[in-house]
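Each chain is listed here by its residues.
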Amino acid sequence: STSFAEESCSNDIQECANNYDTSSSSVPAVPPGGMFKFDDDLWDTSKGNKVDMEKVRRIIGCPKVEEFGTFDDNPYIYSSRIPTEENTWRHMYEAYHAAVPPHEASIPKQYDPTAFVQPIKIQVAAIVGRGIRTTEFIPKGTLVWRPRNAAEFRRVEDLRKFLEHILTYSTYEVACDALLWSYTSRASPKENDYILCIDMDEGSLINVADDDDELNLAQTLERIDDKERTVYGCQTGSLYATRDIEAGEELRMDYGDFAEADGFGVLGIDMTEQSF
Ligand SMILES: C[S@@+](CC[C@H](N)C(=O)[O-])C[C@H]1O[C@@H](n2cnc3c(N)ncnc32)[C@H](O)[C@@H]1O
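Reading guide: rules and limits
- Residues numbered from 1 in each chain as written.
- Predicted model: local features only at pLDDT ≥ 70, side-chain atom pairs only at ≥ 80, totals over all residues.
- Helix = DSSP H or I, 4+ residues; strand = E, 2+ residues; numbered from the N terminus.
- Contact = placed C-beta atoms within 7 Å.
- Buried ≥ 20, exposed ≤ 12 C-beta atoms within 10 Å, placed from the backbone.
- Axes fitted to C-alpha atoms, helices over the stretch in contact; angles between N-to-C directions.
- Parallel < 35°, antiparallel > 145°, perpendicular 65-115°, else oblique.
- Nonpolar A, V, L, I, M, F, W, Y, C, P; charged D, E, K, R; others polar.
- Pairing = 2+ DSSP bridges.
- Left-handed = near helix turned anticlockwise from the far one by under 90°.
- Core = buried A, V, L, I, M, F, W, Y, C linked by C-beta atoms within 7 Å.
- Expected span 1.5 Å × (residues − 1).

Go over the overall build of the protein, please, and point to the residues and values.
Along the protein, the regular secondary structure elements total 7 helices and 12 strands. Contacts in the protein between residues far apart in sequence, at least 24 positions, make up 76% of those at least 6 positions apart.

Take a look at the structure:
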């Protein structure tokens, strides 16, 4: 298992954010007054073509998944931007509402900071990147996170517009994060009905448990009785402590609780399985 590196900016979120180095961006220039645009060929899903997401990542300038390394050898991880309400979430929200038709938007206009209901801290570790630690003891069975900022995308064209908006008005790192945090889920009980999701809050920073001991969060089958929720789609359920969690422990779950990777292919996306 991976322990948090006790060095550099890891104890101070704002300091980490300030350390962020944007000089290495390789995003193609945006024409003055214009929008960043991908080549149409890249997003052409006619004739059964799939969007090559590794190629999209390369064009944006995202690190390849294999390049995730340690603090020492990976500048992206070392200088990871720590998302805050003021930058990442706001940019993603704006891009989402610019890209998705209003009647299909699954979230309101503003980021909801109440997704985590227990005190947490974002930290950065070697290999896994950013993660979430608790700052207080959490007894088994406690509600820890609930879906509040789950953005649904029904088609690749909306994902394309979302990324183009981010690459025009925000930074390539925000676009890379959005791709890193995206997953697919069942959209309805119908066969092969999938939806692409991005949780636009700190829930996206929860890492995967490498073994049963590390696992301390899981969904239950219970659903919040709330009209905003749908049984299918991205807002699939809350996360509860599966055991007592000590103050300072990293929160870890199993993405299989909600993600169904088959959805990428069905939506027309060739997404390399991320290795961890
Ligand atoms: C939803 S994000 C979690 C937050 C991520 N660490 C970050 O900095 O944005 C999923 C990504 O985190 C990394 N990750 C999550 N769990 C991991 C694990 N147990 N070991 C290594 N990497 C992990 C992988 O790069 C994965 O694609």
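Would you mind going over the environment of Gln235 in detail, with residue names and values included?
Structurally, the position occupied by Gln235 is in the loop between β9 (217-219) and β10 (239-241). Taking the number of C-beta atoms within 10 Å as the measure of exposure, Gln235 has 26 and is therefore buried. In the structure, Gln235 is positioned 189 residues away from Ser46 in sequence and 29 Å away in space, judged by C-alpha atoms.

Go over the packing of helix α5 (residues 156-169) against helix α6 (residues 172-181), please, and point to the residues and values.
Taken N-terminus to C-terminus, the directions of α5 and α6 make an angle of 155°; their axes are 7 Å apart at the nearest point. When the axis of α5 is compared with that of α6, the two are roughly antiparallel. Touching Leu163, Ile166 and Leu167 of α5 are Tyr172, Val174, Ala175 and Ala178, all from α6. Broken down by class, the residue content of the contact of α5 with α6 amounts to 7 nonpolar, no polar and no charged.

So, the sheet that holds β10: which residues are in play, and what are the values?
In spatial order, the strands read β4-β10-β9; together these 3 strands make up an open sheet with antiparallel pairing. The sheet is open, and its two edges are formed by β4 (143-145) and β9, each paired on a single side. The sheet shows a mean angle of 45° between the axes of neighbouring strands, taken without regard to direction. Where β4 lies against β10, 2 bridges are found, and the strand directions are antiparallel. When the sheet's bridge partners are listed, Trp145 is paired in β10 with Leu239.

Can you lay out the packing of helix α2 (residues 53-60) against α6 for me, pointing to particular residues and giving the numbers?
Across the interface, α2 lies against α6 with an axial gap of 10 Å and an inter-helix angle of 160°. Classified by the angle their axes make, α2 and α6 are roughly antiparallel. Taken as a pair, α2 and α6 cross one another with a handedness that is left-handed. Across the interface between the two elements, Met53, Arg57 and Ile60 of α2 pack against Tyr172, Ala175, Cys176 and Leu179 of α6. When its residues are assigned to classes, the contact of α2 with α6 shows 6 nonpolar, no polar and 1 charged.

So what's going on with unusual backbone geometry? Residues and values would help.
A positive phi angle is found at Lys47, which is not glycine, with a value near 55°. Structurally, the position occupied by Lys47 is in the loop between α1 (13-19) and β1 (51-52).

Give a description of the pairing of strand β5 (residues 150-153) that names residues and reports values.
Alternating positions in β5 separate into two faces, Ala150 and Glu152 on one and Ala151 and Phe153 on the other, with burial throughout. Inspection of the sheet shows β5 paired to strand β7 (residues 194-199) by 4 bridges, in the antiparallel sense. From the neighbouring strand, Phe153 faces β7, where its bridge partner is Leu196.

Describe the nonpolar core, naming the residues involved and giving the relevant values.
By size, the foremost hydrophobic cluster in this structure holds 38 residues, and its most contacted members are Met92, Tyr96, Ala151, Ile166, Ala175 and Cys197. Per-element accounting of this core gives the leading share, 6 residues, to helix α4 (residues 85-99). For Met92, the contacting residues outside a window of four places in its chain are Val174, Ala178 and Met200. Membership of the second largest hydrophobic core comes to 16 residues, among which are Ile132, Leu239, Ala241 and Ile245.

Hey, could you go over α5 for me, with residue numbers and the actual values?
Along its 14 residues, α5 runs 20 Å from first to last C-alpha, staying within 8% of the 20 Å computed at 1.5 Å per residue. The set of residues buried in α5 consists of Leu159, Lys161, Phe162, Leu163, Glu164, His165, Ile166 and Leu167.

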